[in-house]
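Listed below, chain by chain, are the residues.
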Amino acid sequence: MKRLIVNADDFGLHTEVNRAVIKGYQQGCLRSTSLMPTGRAAEEAAELARENPGLGVAVHITLVAEKPVLPPEKVPSLVGPDGHFFPDHIAFIRQFAAGRIRLAELRAECEAQISRVEQLGVTISHLDSHQHLHVLPKIIDLCLALMKEHGIQKMRLPAEDYLFSGGYPAPPARKIAKCGLTACARLAARKARKAGVLMPETFFGMLAGGHMEQKYFSAILHALPDGVSEIMVHPGADNKILGGFYDWQYHWEQEFSSVTSEETMQYLASQPIELISFKELSHE
């Protein structure tokens, strides 16, 4: 039996992302999303989540690019002079590896982000993170502790198979980065399983993240193994507007099309694939 979670990241980042996520749920194969507590449209996202209770919603721990939930002066090791987080995972990892990030501040900010999602009236289905920082050594430990405290029992495991490409022509540096992430995720999984945390067995979407056009999405669908798989996507309703705010070179509209297209929906309807969210994961 194949069970599939199609999860849209960055819910709450911008209203154009929110619009695509909800349409992807109502008209396509999205069944899960990840709410960014620091996003400019987080309150709107929470309202939409409450209006669509069948949609599973994660807390998307965010430690780069955005502003912290806590006042910057309370987490000085996590921010630059402008009060924003470091620009990306590379800058963060450099600071973290050098011992310049205080774990107490990191824990406080992660807890504040979880609490913000709860305060917005959203039932949290699972935990994941922006640029997958939750699986890094030490960070996984504090995340698991916070999950236990907040009753969160499920988590993304971003361990895309080392050799899987799905036809996406990724440059060597991205392939190396994916393998590094997979190695960290597999180490984190051992701790998560000991803590009783549930995770999908297979993950897709790291290599083609931000570029999940129909042909790459279809290649993943055709490669789904038995068991529970997660496909990570980043849908958006307007490339021009989103590109003006975030210079990530994402193909937002194309990803939205992939999860709502007739090709996708017809294929899923013809196959023994059950669409679920993280809410349906169980020990059974």
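Residues numbered from 1 in each chain as written. Predicted model: local features only at pLDDT ≥ 70, side-chain atom pairs only at ≥ 80, totals over all residues. Heavy atoms only, no water.

Moving on, we come to the overall build of the protein. Secondary structure assignment for the protein yields 10 helices and 7 strands. Along the three orthogonal principal directions, the C-alpha set of the protein runs to about 55 × 40 × 40 Å. Expressed as a percentage of its 284 residues, the buried residues of the protein come to 56%. Expressed as a percentage of contacts within the protein between residues at least 6 apart in sequence, the contacts between residues at least 24 apart total 75%. Total accessible area on the protein is roughly 12,400 Å²; 52% of this is exposed by carbon and sulfur atoms. Distance between charge centres in the protein, computed from 29 positive and 33 negative side chains, equals 6 Å. (Helix = DSSP H or I, 4+ residues; strand = E, 2+ residues; numbered from the N terminus. Buried < 20%, exposed > 50% of the residue type's maximum accessible area, 1.4 Å probe, protein only. Contact = heavy atoms within 4.5 Å. Areas by Shrake-Rupley, 256 points an atom, 1.4 Å probe, with all protein chains shown as cover. Lys, Arg positive; Asp, Glu negative; His and termini not counted. Charge placed at Lys NZ, Arg CZ, Asp CG, Glu CD.)

So, about the side chain of glutamate 66. Assignment of secondary structure puts glutamate 66 in the loop between β3 (56-61) and α3 (89-97). Buried within the structure, glutamate 66 lacks any salt-bridge partner; its nearest side chain of opposite charge belongs to arginine 40, at an N-O separation of 6.1 Å. (Salt bridge = Lys/Arg side-chain N within 4 Å of Asp/Glu carboxyl O.)

The subject of this paragraph is the side chain of histidine 132. Along the chain, the position of histidine 132 falls in the loop between β4 (124-129) and α5 (139-150). Its relative accessible area of 8% is what places histidine 132 among the buried residues.

What follows is about unusual backbone geometry. In this structure, aspartate 10 takes a positive phi of about 70° despite not being glycine. Examined against the element boundaries, aspartate 10 turns out to sit in strand β1 (residues 2-11). In this structure, alanine 65 takes a positive phi of about 75° despite not being glycine. Mapped onto the secondary structure, alanine 65 falls in the loop between β3 and α3. Classification of alanine 65 by relative accessible area gives partly exposed; the value is 29%.

Attention now moves to helix α6 (residues 172-194). Helix length check: α6, at 23 residues, gives a terminal C-alpha distance of 34 Å against a target of 33 Å (1.5 Å per residue), a fit within 8%. Of all the residues in α6, the buried ones are Lys178, Leu181, Thr182, Ala185, Ala188, Ala189 and Ala192. Those residues of α6 that are buried are in contact with α5. (Expected span 1.5 Å × (residues − 1).)

On to the environment of valine 75. Looking at the secondary structure, you find valine 75 in the loop between β3 and α3. Taking C-alpha positions, valine 75 is 24 Å from phenylalanine 11, a pair spaced 64 residues apart along the chain. Leaving out residues up to four positions away in the same chain, valine 75 has contacts with Pro68, Leu70, Glu105 and Glu109.

On to the packing of helix α7 (residues 214-223) against helix α10 (residues 262-270). Each pair of packed helices gets described by two things: the angle between the helix axes and the distance between those axes. For the pair α7 and α10, the least separation of the axes is 11 Å and the interaxial angle reads 5°. Classified by the angle between their axes, α7 and α10 sit roughly parallel to one another. Facing Gln214, Phe217, Ser218, Leu221 and His222 of α7, the residues of α10 in contact are Glu263, Thr264, Tyr267 and Leu268. A breakdown of the residues in the contact of α7 with α10 according to their chemical character gives 4 nonpolar, 4 polar and 1 charged. (Axes fitted to C-alpha atoms, helices over the stretch in contact; angles between N-to-C directions. Parallel < 35°, antiparallel > 145°, perpendicular 65-115°, else oblique. Nonpolar A, V, L, I, M, F, W, Y, C, P; charged D, E, K, R; others polar.)

This paragraph deals with the nonpolar core. The nonpolar side chains of a soluble globular protein tend to be buried with one another. Ranked by size, the top nonpolar core spans 88 residues in total, and within it Leu35, Phe92, Leu127, Met155, Phe217, Ile231 and Val233 carry the most contacts. With 7 residues, the top contributor of residues to this core is α5. Once you skip the residues sitting within four places of it in the chain, methionine 155 turns out to touch His126, Leu127, His134, Ile140, Leu144, Met147, Ala192, Val197, Leu198, Met199, Pro200 and Phe278. Listed in part, the 6 residues of the second largest apolar core include Ile5, Leu198, Ile276 and Leu281. (Core = buried A, V, L, I, M, F, W, Y, C linked by side-chain atoms within 4.5 Å.)

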